[in-house]
Amino acid sequence: EGSQLMDRKRKPGIYLLTDAGDAVELILVWLDDRETRLRGQSPAEELVSFVNFDFSAYQSSVERLWEEHDVFEERDEVPYEDYVDFARQALPLAEQLSEIAPVAYWDVLHHLDPATKMLYDGKPIFPSRKALAVLNALRHPYFIQNRLRNLFEIGFADFERGTQQDRFRALEDTWPGLIDRTFPIRFLPEPSGAPVGTVREYALGDLYELCLAELSLYFQQNRWRIVRCENCWRYFVPKTEAESRYCYG
C-alpha cells in the first residue's frame, strides 16, 4: 500500500527504475495521469534500440508538411485558418508512434502540449510560429535520435578494442559535462515493507534526458559494451567478451 501511495504522487514524466541489474523498467506518466509500464532491456540495449529505430516513414510525413503546407509560406501576414488546417493534418501524425515507439510518442505529446496552447501575441505571422512549434514537437524524437547518433559516432564507432574509460573520455573530450548531470532520484520502498529499498527511480523530463540517464547507467558497468558493425554500420551489443566486429543480423 505504501508503494501504491508513492506511485500516485508521480507527475507526468518518464521514470526509469533500476536496481543496478541488467534490465531497466520505464514508467510513462501521461498528461492525464495514466501510467504505462514498459519492461526494458539493459541500458546499452535500450540505447542501441533507439539509435537503430527506423523513423523514416513518420519523418517523411512530418517533413512533407514543412515542405508543402501554406502556413510556412513567407508572407507579411498569415491567416489563422492556415494554422487550423495545418494542425488538422499534423496532430494525428503523432499516432503513428503510439504502438511502435511509445516513449517517442510520450515525448511528442509532452512537447505538443505547450505548442498547441500558445496564445495569440498580436503578430501577423503568429500562425506560422505556432505551426513551427507544433512541427518541432513532432520532429523531436528523430532530432534526438540524430543527436544520439552523433554521440555514438564519437564514443562507440571505433572503440571495439578500447575500454569503457576510452569511450567515456572520447565523449567527455567532445562534450564536456555531457553525462555529469543530476537527475532527481529516489529509492522505492520494498514490497516487504522496508521504507528504503534497492530500486532507484530516475525522474526524467523528456526523451533526451532518458537517453542521458541510460548513457550514465551504461558507464556505471563493464559487462555490456556498444559496438558498430563493420559490415552494416548499425550499432549492437556483443553477446560475449570476445572481439566482435560484425553484428548478428
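Residues numbered from 1 in each chain as written. Predicted model: local features only at pLDDT ≥ 70, side-chain atom pairs only at ≥ 80, totals over all residues. Heavy atoms only, no water.

**Concerning the pattern of salt bridges**
- Counted according to the given criterion, the structure contains 14 salt bridges.
- Measuring nitrogen to oxygen at the nearest pair gives 3.0 Å for the salt bridge that ties D113 to K117.
- Two residues, D166 and R169, come together in a salt bridge whose shortest N-O distance is 3.7 Å. Here R169 and D166 lie together in helix α7 (residues 164-174), a separation of 3 residues that amounts to about one turn. (Salt bridge = Lys/Arg side-chain N within 4 Å of Asp/Glu carboxyl O. Helix = DSSP H or I, 4+ residues; strand = E, 2+ residues; numbered from the N terminus.)

**Some thoughts on the pairing of strand β1 (residues 13-18)**
- Taken across its 6 residues, β1 has 6 buried, putting it largely inside the fold.
- The side-chain alternation of β1 yields two buried faces, one formed by G13, Y15 and L17 and the other by I14, L16 and T18.
- Relative to strand β2 (residues 25-29), β1 is paired through 5 bridges, and the arrangement is antiparallel. Bridged to L16 within β2 is L26. (Buried < 20%, exposed > 50% of the residue type's maximum accessible area, 1.4 Å probe, protein only. Pairing = 2+ DSSP bridges.)

**As for the nonpolar core**
- Ranked by size, the top nonpolar core spans 65 residues in total, and within it Y58, F86, L138, F152, L215 and I226 carry the most contacts.
- It is helix α6 (residues 126-155) that provides the largest number of residues to this core, a total of 10 residues.
- Each residue touching Y58, except ones within four places of it in the same chain, is listed here: L93, A94, Q96, L97, V108, L138 and Y142.
- Counting residues in hydrophobic clusters, the runner-up holds 5 residues, among them Y15, L17, I27 and V29. (Core = buried A, V, L, I, M, F, W, Y, C linked by side-chain atoms within 4.5 Å. Contact = heavy atoms within 4.5 Å.)

**Things to note about the confidence of the model for the chain**
- In the predicted model, the chain carries a mean pLDDT of 91, and 97% of its residues have values of at least 70.
- Contacts of residues 1-7 to residues separated by more than four positions or lying in other chains number 6 contacts, the stretch itself having pLDDT below 50. (pLDDT = per-residue confidence, 0-100.)

**Here we look at the pairing of strand β5 (residues 200-204)**
- Of all the 5 residues making up β5, 4 are buried; the element is thus mostly covered by neighbouring parts of the structure.
- As defined by bridge partners, β1 adjoins β5 across 5 bridges and the pair is classed as antiparallel. Residue pairing in the sheet places L17 in a bridge with E201 of β5.
- As defined by bridge partners, strand β4 (residues 185-187) adjoins β5 across 3 bridges and the pair is classed as antiparallel.

**Focus on helix α2 (residues 43-52)**
- For α2, the tally of buried residues reaches 8 of 10 residues, placing the bulk of the element in the interior.
- Buried within α2 are the following residues: P43, A44, E46, L47, V48, F50, V51 and N52.
- Here the buried face of α2 lies against β2, α6, α8 (207-218) and β7 (235-236).

**With respect to the packing of aromatic side chains**
- According to the stated counting rule, one finds 17 aromatic pairs in the structure shown.
- An angle of 80° between the planes, with centres 5.4 Å apart, marks the rings of F72 and F86 as edge-to-face. With F72 in the loop between α3 (56-68) and α4 (80-90) and F86 in helix α4, this residue pair connects regions lying 14 residues apart in the sequence. F86 matches F72 in its accessibility class, with the two residues each being buried.
- Centroid distance F168 to F219: 5.2 Å. Interplanar angle 80°. Geometry classified as edge-to-face. One end of the pair, F168, is in helix α7; the other, F219, is in the loop between α8 and β6 (227-228), and 51 residues separate them in sequence.
- Take F168: its relative accessible area is 32%, and that puts it in the partly exposed class. (Phe/Tyr/Trp six-rings, centres within 6.5 Å; stacked < 30°, edge-to-face > 60°.)

**Notes on α6**
- In a regular helix each residue adds 1.5 Å, so 30 residues correspond to 44 Å; α6 covers 41 Å between its end C-alpha atoms and thus fits that length.
- Of all the bends in α6, the greatest reaches close to 50° and is centred on H140; the proline P141 follows between one and four positions later. (Expected span 1.5 Å × (residues − 1). Bend = angle between axes of the 7 residues up to and from the residue.)

**Looking at a nonpolar patch on the surface**
- A cluster of nonpolar side chains, contributed by I185, F187 and V196, occupies part of the molecular surface with about 290 Å² of accessible area.
- By secondary structure assignment, the location of I185 is in strand β4. (Patch = residues over 30% accessible without salt bridge, like charges linked within 9 Å, V, L, I, M, F, W, Y side chains within 5 Å. Areas by Shrake-Rupley, 256 points an atom, 1.4 Å probe, with all protein chains shown as cover.)

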